[in-house]
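# Observations on chain architecture
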Amino acid sequence: MGGESTTRTAPRSGGTGSGPAGGRTGQRLSGLAVALGLVLFLAAFGWGAVVYRPYTVPTTSMAPTIGAGDRVLAQRIDGAEVRRGDVVVFKDPGWGNAPMIKRVVAVGGDTVACCQEGRLTVNGKRIEEPYLADGQAGPAGFPTVTVPEGRLFLLGDERHGSLDSTAHLTDAASGTVARDTVSARVDAVVWPMDGVLPRPTGFEALGGSLSEPGPLRTIVALIAGGAVLVLGGAAYGPVAQRAARARARTETAGAR
């Protein structure tokens, strides 16, 4: 009789009844984790939607940095924030009606020419451009251009066929575009997932600062952290319930 009574009451004490598994403290913590995770997840998505714009690149003019059909995220910026080496999104009426993506190689007041020993020169200094397919600025050169203040000189990373500033050298502005035509700076290639663009350190020789990477890494970390909290908090109840059942079975077997 005594053993039989113990066997019947053991499952009730194991927590498999109608009460919440894991106890009140565990349930509160799991709920807090889910709530905090949702806040982080949604806030990060909202931040990203405000800061970034997605684009699909239709041509190979920025290869190998960005290929045809690649999806990129570009941080919304003002034209005044543009620095040498930036890959920017701009729209100039003289170049067409669609947004274009090119690399800024010279800014107002700079002199730019190509080529010296296969290198682009800016203000008389050869620029190392490791992002080019063969490290060479291209076989076809162009004469020295002095960039007017408030304007930019842009090239594609595919120097053999890109319709960039070199295709507009006979224009009134010598192939340059106004800073205020720039709407965004490309931060990363997200499909395929090549990640954040390498920093164009070759332009550091000219003095002045390079653009800092955008907050994409922070946004991704917040989204990932929020997802982990939501999934972990949601999983707590089932895991605690399974553990309680396992304890109940162990106690039952021991009582027998």
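Residues numbered from 1 in each chain as written. Predicted model: local features only at pLDDT ≥ 70, side-chain atom pairs only at ≥ 80, totals over all residues. Heavy atoms only, no water.

## Details of the overall build of the protein chain
The cut-off we apply is this: We count a stretch as a helix when DSSP gives it H or I for four or more residues in a row; a strand needs E for two or more, and each element gets its number in order from the N terminus. In this analysis, two residues are considered to be in contact whenever any of their non-hydrogen atoms come within 4.5 Å of each other. Accessible areas in this description were obtained via Shrake-Rupley with a 1.4 Å probe; residue shielding takes into account the shown protein chains only.
Assigned secondary structure in the protein chain consists of 3 helices and 12 strands. The contacts of the protein chain with a sequence gap of at least 6 include a subset with a gap of at least 24, amounting to 67%. When the accessible surface of the protein chain is split by element, carbon and sulfur atoms take 58% of a total near 13700 Å².

## A few points about the environment of I66
Inspection of the secondary structure puts I66 in the loop between β1 (52–56) and β2 (71–76). Between the C-alpha atom of I66 and that of A188, which follows or precedes it by 122 residues, the distance is 9.4 Å. Once residues within four sequence positions are removed from consideration, I66 is found in contact with V57, V72, V87, I101, V186 and V189.

## So, the nonpolar core
We count it as follows: By nonpolar core is meant a set of buried Ala, Val, Leu, Ile, Met, Phe, Trp, Tyr and Cys residues that side-chain atoms within 4.5 Å join together. Residue exposure (1.4 Å probe, protein chains only): buried if accessible area is under 20% of the type maximum, exposed if over 50%, otherwise partly exposed.
By size, the foremost hydrophobic cluster in this structure holds 18 residues, and its most contacted members are V105, V112, L120, V122, F153 and F203. Where this core is concerned, the elements lending two or more residues are β4 (100–107), β5 (111–116), β6 (119–122), β8 (142–146) and β9 (151–155). With residues up to four places along the chain from it excluded, the contact list for V122 reads V105, A106, D110, T111, V112, I127 and L206. If you look at the next biggest cluster of nonpolar residues, it comprises 13 residues, including Y55, V57, A184 and V189.

## Looking at helix α2 (residues 23–51)
Filter applied, for reference: Given the number of residues in a helix, its expected span is that number minus one, multiplied by 1.5 Å.
Between its first and last C-alpha atoms α2 spans 42 Å; for 29 residues at 1.5 Å apiece the expected length is 42 Å, and the two agree. Those residues of α2 that sit buried are G26, S30, A33, G37, A44, G48 and V51.

## Looking at a nonpolar patch on the surface
The following threshold applies: A residue counts toward a patch only above 30% relative accessible area and without a salt bridge, and it is joined to like-charged neighbours within 9 Å or, for Val, Leu, Ile, Met, Phe, Trp and Tyr, to nonpolar neighbours within 5 Å. Criterion for a salt bridge: a side-chain nitrogen of Lys or Arg within 4 Å of a carboxyl oxygen of Asp or Glu.
Residues V190, W191 and M193 make up a contiguous nonpolar surface patch of about 380 Å² in total accessible area. The residue M193 is located in the loop between β11 (182–191) and β12 (195–196) in this model. According to the relative accessible area criterion, M193 is exposed, its value standing at 71%.

## Considerations on the confidence of the model for the protein chain
Note: predicted coordinates in regions of low pLDDT should not be interpreted at a detailed level. Where we set the bar: Values of pLDDT, ranging from 0 to 100, describe the predictor's confidence in every residue of the model.
Residues with a pLDDT of 70 or more make up 86% of the protein chain, whose mean pLDDT is 86. Within the protein chain, helix α1 (residues 2–13) has the poorest average pLDDT of any element, 45, and strand β3 (residues 87–90) the best, 98. Contacts for the low-pLDDT stretch residues 1–19, under 50 throughout, to residues beyond four places or in other chains number 18 contacts.

## What about the environment of P54?
Inspection of the secondary structure puts P54 in strand β1. A residue is classified by how much of its surface remains accessible, and P54, at 49% relative accessible area, is partly exposed. Expressed as a C-alpha distance, the spacing of P54 and R71, which sit 17 residues apart in the sequence, is 6.9 Å. Setting aside residues up to four positions removed in sequence, P54 forms contacts with R71, V72 and L73.

## Here we look at the side chain of D86
Using the following cut-off: Distance and chemistry together define a polar contact, namely a pair of N or O atoms within 3.5 Å, with one atom able to donate a hydrogen and the other to accept it when in protein, and with adjacent residues in sequence counting only for side-chain atoms on both sides.
Tracing the backbone through its elements, the reader meets D86 in the loop between β2 and β3. From its side chain, D86 meets the backbone nitrogen of R83 in a polar contact 2.7 Å long. Only 2.8 Å separates the side chain of D86 from the side chain of S211, close enough to count as a polar contact.

## Examining the packing of aromatic side chains
For clarity, the cut-off: Any pair of Phe, Tyr and Trp rings, taking the six-membered ring for Trp, is counted once the centres come within 6.5 Å. Such a pair is stacked with planes under 30 degrees apart, edge-to-face with planes over 60 apart, and tilted for the rest. Comment: the charge-over-ring label is applied if NZ (Lys) or CZ (Arg) is within 6 Å of the ring centre and within 35 degrees of the ring normal.
In the structure shown here, the tally under the stated rule is 3 aromatic pairs. Consider the rings of F90 and W95, whose centres lie 5.2 Å apart with planes at 85°: the pair is edge-to-face. Accessibility assignment for this pair places F90 and W95 in one class, buried. Over the face of the ring belonging to Y131 we find R103, whose NZ or CZ atom lies 3.6 Å from the ring centre.

## Focus: the environment of G141
The topology assignment puts G141 in the loop between β7 (125–127) and β8. Residue G141 is classed as exposed on the basis of its relative accessible area, which comes to 52%. Here G141 is in contact with C114 and C115, once residues within four sequence places are set aside.

## A word on the state of the cysteines
What counts is decided by this rule: The definition used for a disulfide is geometric: two cysteine sulfur atoms within 2.5 Å.
If you walk through the whole model with that rule in mind, you get 1 disulfide. Note that C114 is cross-linked by a disulfide to C115, the S-S spacing being 1.7 Å.

## A closer look at the pattern of salt bridges
Overall, the coordinates contain 6 salt bridges when judged by the stated rule. Between R84 and D110 there is a salt bridge, and its shortest N-O distance comes to 2.8 Å. Here R84, found in the loop between β2 and β3, pairs with D110, found in the loop between β4 and β5; they are 26 residues apart in sequence, far enough to count as distant. Both residues of the pair, R84 and D110, belong to the buried class.

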